[in-house]
Amino acid sequence: MAEGWPLPPALVVLLLSMSAWVTDSCPAACSCPKGQDEVHIMDCNKKKLSAAPLDAPDGISQVTLNHNQLTLFPFLGNASSNITSLLLVHNRISELLMHQLQPYVSLETLDLTSNSISELRVGSFPSMQLKYLNLSNNRISLLEPGCFENISSSLLVLRLNRNRLVALPSKVFKLPHLQLL
């Protein structure tokens, strides 16, 4: 095409439809590339966010909000129910409450490494199919017996290294499928 010629309408529609996922529906502070196997990712790493974007695209299945300033467990709107992987490494989250996790019905991987969580109580987790939970490098000094009860049937990997645990109650680890602690 010569300089200054208009683009044919069919080409304009094709270009817009190809870029719509990446630009139009993604929150301004984030990027939303397609990963391997057409997995939709919302990457909001290192954006100095104090709150998660509420306008996450519905097709998102993986969210990374690493190295931000989140103090509360994020709610990602309607997209929460489709998210299978949520990475919240290096934030300032200080507690986990059941009602915060309930919207994440598809969640399999949760990484809360390097936050400020100090305890896990019974009811911290709703019944869900969580397989991988990383709580390393927090301030956890208390694991209440039964705190993992609602995820005990699915949890395969639990990481608790670099916390402030001195003693572990015997009933904390009733995790029949756990492969790595």
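Before reading further, recall that the structure is shown in the block above.
Fair warning: this is a prediction, and the values are worked out from it, not measured in the lab.

1. Some words on the state of the cysteines
In this structure the tally under the stated criterion is two disulfides. Sulfur-sulfur distance for the disulfide between C26 and C32 comes to 2.1 Å. Since a negative S-S torsion denotes a left-handed disulfide, the C26-C32 link at about 75° is right-handed. Here C26 and C32 have matching classes, each one buried. Between the sulfur atoms of C30 and its disulfide partner C44 the distance amounts to 1.9 Å. Handedness of the C30-C44 disulfide follows from its S-S torsion of about 105°: it is right-handed.

2. Observations concerning the side chain of N68
Secondary-structure assignment places N68 in the loop between strand 2 (62–64) and strand 3 (85–87). Not counting the four nearest positions on each side in its chain, N68 is found in contact with C44, N45, K46, K47, K48, L49, H90 and N91.

3. A few points about the packing of aromatic side chains
Under the criterion given, the structure shown has two aromatic pairs. For the ring pair F73 and Y104, a centre distance of 5.7 Å and an interplane angle of 90° mean the geometry is edge-to-face. One end of the pair, F73, is in the loop between strand 2 and strand 3; the other, Y104, is in the loop between helix 2 (98–101) and strand 4 (109–111), with 31 residues separating them in the sequence. Take F73 and Y104: they sit in the same class, and that class is buried.

4. Focus on the sheet that holds strand 6 (residues 132–134)
Strand order in this open sheet of six strands is 1-2-3-4-6-8, and the pairing throughout is parallel. In this open sheet, the two strands that pair with only one neighbour each are strand 1 (41–43) and strand 8 (157–159). Between one strand and the next, the sheet's axes are offset by a mean angle of 5°, whatever the strand orientation. Bridging between strand 4 and strand 6 involves three bridges; their strand directions are parallel. If you follow T109 over to strand 6, its bridge partner there is Y132.

Reading the values: the criteria
- Residues numbered from 1 in each chain as written.
- Predicted model: local features only at pLDDT ≥ 70, side-chain atom pairs only at ≥ 80, totals over all residues.
- Heavy atoms only, no water.
- Disulfide = S-S within 2.5 Å.
- Buried < 20%, exposed > 50% of the residue type's maximum accessible area, 1.4 Å probe, protein only.
- Helix = DSSP H or I, 4+ residues; strand = E, 2+ residues; numbered from the N terminus.
- Contact = heavy atoms within 4.5 Å.
- Phe/Tyr/Trp six-rings, centres within 6.5 Å; stacked < 30°, edge-to-face > 60°.
- Pairing = 2+ DSSP bridges.
- Axes fitted to C-alpha atoms, helices over the stretch in contact; angles between N-to-C directions.

As far as function goes, none of this settles anything; it's purely spatial.
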